[in-house]
Protein chains: 2
Amino acid sequence: MSSSALSSDLLDRFAAIVGEKHAVRDAAEIAPHLVENRGLYHGASPMLLKPGSVEEVSAILKLASETGTAIVPQTGNTGLVGGQTPREDGSDIILSLERMNRVRDIDPVGNTMIVDGGCILADVHKAAAEHGRMFPLSLGSEGSCRIAGNLSTNAGGTAVLAYGNMRQLCLGLEVVLPTGEIWNGLRRLKKDNTGYDLRDLFIGAEGTLGVITGAVLKLFPQPLGHQVAFAGLQSVDDALTLFKNASSLCGTALTGFELMPRIGVEFTTRHIPGVRDPLDTAHPWYVLIDISTSDSAETAERMMSALLEQGYEAGLVQDATIASSETQQKAIWHMRESMSDAQKPEGGSIKHDVSVPVAQIPQFMAEAEKAVVAAMPGARVCAFGHMGDGNIHYNISQPVGADKAEFIGRWREINKIVHGLVLHHGGSISAEHGIGQLKRDELASIRSDIEMDLMRRIKTAFDPAGIMNPGKVLKA
Amino acid sequence: MSSSALSSDLLDRFAAIVGEKHAVRDAAEIAPHLVENRGLYHGASPMLLKPGSVEEVSAILKLASETGTAIVPQTGNTGLVGGQTPREDGSDIILSLERMNRVRDIDPVGNTMIVDGGCILADVHKAAAEHGRMFPLSLGSEGSCRIAGNLSTNAGGTAVLAYGNMRQLCLGLEVVLPTGEIWNGLRRLKKDNTGYDLRDLFIGAEGTLGVITGAVLKLFPQPLGHQVAFAGLQSVDDALTLFKNASSLCGTALTGFELMPRIGVEFTTRHIPGVRDPLDTAHPWYVLIDISTSDSAETAERMMSALLEQGYEAGLVQDATIASSETQQKAIWHMRESMSDAQKPEGGSIKHDVSVPVAQIPQFMAEAEKAVVAAMPGARVCAFGHMGDGNIHYNISQPVGADKAEFIGRWREINKIVHGLVLHHGGSISAEHGIGQLKRDELASIRSDIEMDLMRRIKTAFDPAGIMNPGKVLKA
């Protein structure tokens, strides 16, 4: 079936590097690697390579550079912008890091951990917990996403507010360059000012500058206090005021502040088994407040009570509940994290992963809803996300009864409306998911020529043969 | 006097861009810009340009690229590695940002501030405080250093433990490229995954990739609680244990943890007016503990008391005092911050700005002292610094009565001993000061060929004419 542009001789040479057993040519076995979660991209590829060592990755990329063969690195295949999907012409070989999944070293005193690029995020959590430590990156897909993918997309998730995204959570990297050369930058230092910041260049490069085969991650003490509350509010304005209060009161103990609309609560209680509305009556907006404290459990309790009390008195909080057990805490988080999945049974969904300066969220949300509904009467805006980071997943479910394909066909048109407002507010069209294929041309259209040119100069300097994940982030 | 390689015709063309008034040719006026604080480097230059706008900086760099004229950007001239000093042959023109020192915008709701590159750090502090906010970067030289210099060296200082260094404190940049093109990356977003991380490439590049003319800085709420304590300890091992306890107890409320040796306390009390030993008896080692809390003053008090009590009980703390007023807090910090200056009256001082993984500080300190004293009997090690970051200013005062010039003549030899141990422990030879001229050749000797090559490729891609601060970080 695969009308590959790659000769079988060439494929044999790649297979010889990892051994036939780890060079998959079976179309059925390759198939799941050709599609991504949203079904927006369907690629083709004649071969999936599963190297078992940094040296094998190096040999693959060296051969790729010499023969001009394109390589698409893939980890958990959970990306949302098509960055991990091969192109449609079958000229890309997929390189999977799934066999390179060891925790190489863990240092609970220095609070660092060295892992292979193919480590699954949940396994990293587990290993840290076994040593009484915590790795804070937390995502809906943590059971299948892998560290090299998290790094390549500079993943964010729900704990960015207090701990930062992957760029802040990584101290050092090991990268195989497109030429096959290995850069060992596995440093474990908090401070190191010795030359250009190569690490942060590879982080967020979406696999276009090299393959991340190892990383030094930062660990943190497990918090002693943890409180989760769910509050019903009248408006996004009130949510912003409450967020500012929470920031002032809790500082970095504020580990989550998530905004959700009524419709999102309806979708999750309707479609996600076990999810129920924690409050008795309906409210237009909700926030999930997460507080973690290092000194004692009492501090977290005190902070949460004070915040909600203040919120009631100021008329910001209409009703609220504090989770009284870890099970309840997880249930509240589960509602938030399943909000995107809960849209699926409601038909098509046009998605945006945007950010604006935090203070401008209410105005942006109001303007965007007005514009979207004007363009498409009946569209159901289900916008939720990390309010404290200014990052809103501005998702839109199709009008009830509309044709799904026709609705999805208006993706670009609706994107243009929402992104136009985002840019007007000095925001970003990709807050945490990256560029991949989905936003590549749009990026080029909104950024200055000099910015695109600098990016291209870096790409050429690092990947002169143009073999690393071509067509992602930048045009091939 | 200046035997410049630059023709007066060419100098006239540069002067025309900023106007004669702001194009200094007077040798006496240029002189202070040719030397740096430690007296290690003495450069030469026929002209000091003081542009008043981004457009003038752009015109200067455009002309420089066209004519192959080297430009050395200079801000507060407080750098410690010769990165801001022109070369000795008089072929560099100095570009000072001192006239571009405006606070462009301040947003206390979004907690951001946009400043010119030439803003003095203390003025940034002041402007933030006027709006009830705080900018946490704190350095001994804050009265004269300027933001573009802080960014270009990825400055650290005393608050890195809780707030990070400049890379963590900056959201966006405006940079004039060596070609004169202007990159406007003045974004104010906490999350923005749209392409390669250009910002972090310019931060820490020591003015070799472009001139930073503007920056978006992160602001923070002013803490409600602030406690400073000074404790006498038996050993560096005890200091490490106390640091670990403090980290667990305070989390990110631990805003400073500075290690100091007895000899440093002796030097400061002897030479710095007004400094007195806060404790009654002498101890081999000292730590300064700084705690800032966002929720209340009581939390900081409670944390500090609990930490010291625990420390007494465990036999870690021999004696301690908690500052009872802001004046006392400042006095304790002043002792720490004047420790480098206090070495001057003691004769020559060979300095190192190194970091090692935090847990390895005690072993590194013991090994380094042994090796240094073996090589130079009577050498007085005055090693102090940011223990929580693993960053030690490993300074060595000359033996009493030794010849200063002869002592300083052994700088490289002693460097080699200390840096050898640093590298053995996986550390950095420049934790916060950068590379400049001082450590350029050493960097090339300790880093892999591929790492140096990647840096050179970036340099060439951004500065094809090689005019930006040549000879700094990388060989010209």
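Residues numbered from 1 in each chain as written. Chains lettered and ligands numbered in written order. Predicted model: local features only at pLDDT ≥ 70, side-chain atom pairs only at ≥ 80, totals over all residues. Heavy atoms only, no water.

Caption draft 1: Spotlight on the overall build of chain A. Scanning chain A from N- to C-terminus turns up 17 helices and 19 strands. The C-alpha atoms of chain A give 23 Å as radius of gyration, which agrees with the globular expectation for 476 residues (23 Å, within 12%). Across its three principal axes, chain A shows a C-alpha extent of roughly 70 × 55 × 45 Å. In chain A, once contacts between residues fewer than 6 apart in sequence are set aside, the share between residues at least 24 apart is 74%. For chain A, the exposed surface amounts to about 16900 Å²; the carbon and sulfur share of it is 50%. (Helix = DSSP H or I, 4+ residues; strand = E, 2+ residues; numbered from the N terminus. Rg over C-alpha atoms; globule rule 2.2 N^0.38 Å. Contact = heavy atoms within 4.5 Å. Areas by Shrake-Rupley, 256 points an atom, 1.4 Å probe, with all protein chains shown as cover.)

Caption draft 2: Highlighting the packing of aromatic side chains. The full count for this structure, using the stated rule, is 12 aromatic pairs over all chains. Ring geometry for B:F230 and B:Y286: centres 5.0 Å apart, planes at 20°, overall stacked. Here B:Y286 lies in strand β14 (residues 285-293) and B:F230 lies in strand β12 (residues 225-233), a separation of 56 residues in the sequence. Here B:F230 and B:Y286 have matching classes, each one buried. Members of the aromatic cluster, connected to one another through ring pairs, are A:W183, A:F202 and A:F462. (Phe/Tyr/Trp six-rings, centres within 6.5 Å; stacked < 30°, edge-to-face > 60°. Buried < 20%, exposed > 50% of the residue type's maximum accessible area, 1.4 Å probe, protein only.)

Caption draft 3: Spatial organisation of the sheet that holds strand β1 (residues 23-24) of chain A. Residues and elements named next belong to chain A. One open sheet accounts for 4 strands, arranged β1-β2-β4-β3; its pairing is mixed. The sheet is open, and its two borders are formed by β1 and β3 (70-74), each paired with just one other strand. Pairing geometry for strand β2 (residues 48-49) and strand β4 (residues 92-96), over 2 bridges, is parallel. Residue L49 lies in a different strand from β4, and its bridge partner there is L95. (Pairing = 2+ DSSP bridges.)

Caption draft 4: Inspection of the pattern of salt bridges at higher detail. All names here are of chain A. Applying the stated rule across the entire model yields 62 salt bridges over all chains. Ionic pairing is found between R25 and E20, a salt bridge with its closest N-O pair at 3.0 Å. Between R262 and D277 there is a salt bridge, with its nearest N and O atoms 3.0 Å apart. With R262 in helix α10 (residues 262-271) and D277 in the loop between α10 and β14 (285-293), this residue pair connects regions lying 15 residues apart in the sequence. You can call R262 partly exposed: its relative accessible area is 22%. Residues joined by salt bridges that share partners form a network here, namely R102, R104, D116 and E174. (Salt bridge = Lys/Arg side-chain N within 4 Å of Asp/Glu carboxyl O.)

Caption draft 5: Structural detail: the interface of chain A and chain B. If you look at the interface, chain A gives 75 residues, while chain B gives 75 residues. Of the roughly 6200 Å² buried between chain A and chain B on both sides combined, carbon and sulfur atoms contribute 56%. When the area that chain A buries against chain B is broken down by residue, the three leading residues are A:K191, A:N193 and A:Y196, summing to 17%. With a closest N to O distance of 3.7 Å, B:E181 and A:R457 form a salt bridge. Connecting chain A to chain B are 37 residue pairs in polar contact (both at pLDDT 80 or more). The set of elements that each furnish at least two residues to the side of chain A that touches chain B consists of β9 (182-185), α8 (198-202), α9 (236-250), α11 (297-313) and α17 (449-462) of chain A. (Buried area = accessible area lost by both parts, 1.4 Å probe. Polar contact = N/O pair within 3.5 Å; in protein donor to acceptor, adjacent residues only side chain to side chain.)

Caption draft 6: Quick peek at the state of the cysteines. Evaluated as defined, the whole model comprises 0 disulfides over all chains. For the unlinked cysteine A:C170, the closest cysteine sulfur is that of A:C119, found at 13 Å. (Disulfide = S-S within 2.5 Å.)

Caption draft 7: Region of interest: the sheet that holds strand β8 (residues 170-176) of chain A. Residue and element names in this part refer to chain A. Ordered by their spatial adjacency, 5 strands build an open sheet running β5-β6-β10-β8-β9, and the pairing between neighbours is antiparallel. The open sheet has two edge strands, β5 (103-107) and β9, and neither has a second partner. The average undirected angle you get between the axes of adjacent strands in this sheet is 10°. Two elements, β5 and strand β6 (residues 112-116), share 4 bridges in a ladder whose sense is antiparallel. Within β6, the position partnered with D107 by the bridge is T112. (Axes fitted to C-alpha atoms, helices over the stretch in contact; angles between N-to-C directions.)

Caption draft 8: Representation of the relation of the copies chain A and chain B. For the pair chain A and chain B, the best superposition has an RMSD of 0.0 Å and corresponds to a rotation of 180° with a translation of 0.0 Å parallel to the axis. What the rotation and shift describe, once combined, is the action of a two-fold rotation axis. A shared binding surface is used by both copies, with 100% of the interface residues of chain A retained as interface residues in chain B. (Least-squares fit on C-alpha atoms with pLDDT ≥ 70 in both.)

Caption draft 9: Structural context of the domain arrangement of chain A. All names here are of chain A. In terms of domain boundaries, chain A breaks down into domain 1 (8-96), domain 2 (103-221), domain 3 (224-346) and domain 4 (347-433). Taking the mean C-alpha position of each, domain 2 and domain 4 sit 30 Å from one another. Across the contact, 6 residues belong to domain 2 and 5 residues belong to domain 4. Interface area, domain 2 with domain 4, both sides summed: about 430 Å², of which 46% is carbon and sulfur. Area buried by domain 2 at its contact with domain 4 is led by T153, G157 and L161, which between them contribute 62% of it. Where domain 2 touches domain 4, the interface holds 2 residue pairs in polar contact (both at pLDDT 80 or more). (Domains from an automatic or database assignment.)

Caption draft 10: Broad picture of the nonpolar core. Ranked by size, the top nonpolar core spans 143 residues in total, and within it A:I147, A:F462, B:I147 and B:F462 carry the most contacts. Apart from the residues lying within four places of it in its own chain, the contact partners of A:I147 are A:V115, A:D116, A:G117, A:C119, A:L121, A:V124, A:F135, A:M166, A:A215 and A:L217. (Core = buried A, V, L, I, M, F, W, Y, C linked by side-chain atoms within 4.5 Å.)

Caption draft 11: Structural context of unusual backbone geometry. For A:E206, which is not glycine, the phi dihedral falls at a positive 55°. Relative to the helices and strands, A:E206 is located in the loop between α8 and β10 (211-218). Of note in the backbone geometry, B:N154 takes a positive phi value of approximately 45° without being a glycine. Turning to its location among the elements, B:N154 is positioned in the loop between α5 (147-152) and α6 (160-163). On the basis of relative accessible area, B:N154 is assigned to the buried category, the value being 2%.

Caption draft 12: Examining the side chain of B:S349 more closely. All names here are of chain B. Considering the arrangement of structural elements, one finds S349 in strand β16 (residues 349-350). Given a relative accessible area of 10%, S349 falls into the buried group. A distance of 3.4 Å separates the side chain of S349 from the side chain of Q343, its partner in a polar contact. Excluding residues that lie within four positions of it along the chain, S349 makes contacts with Q343, N395, I396, S397, F407, I408 and W411.

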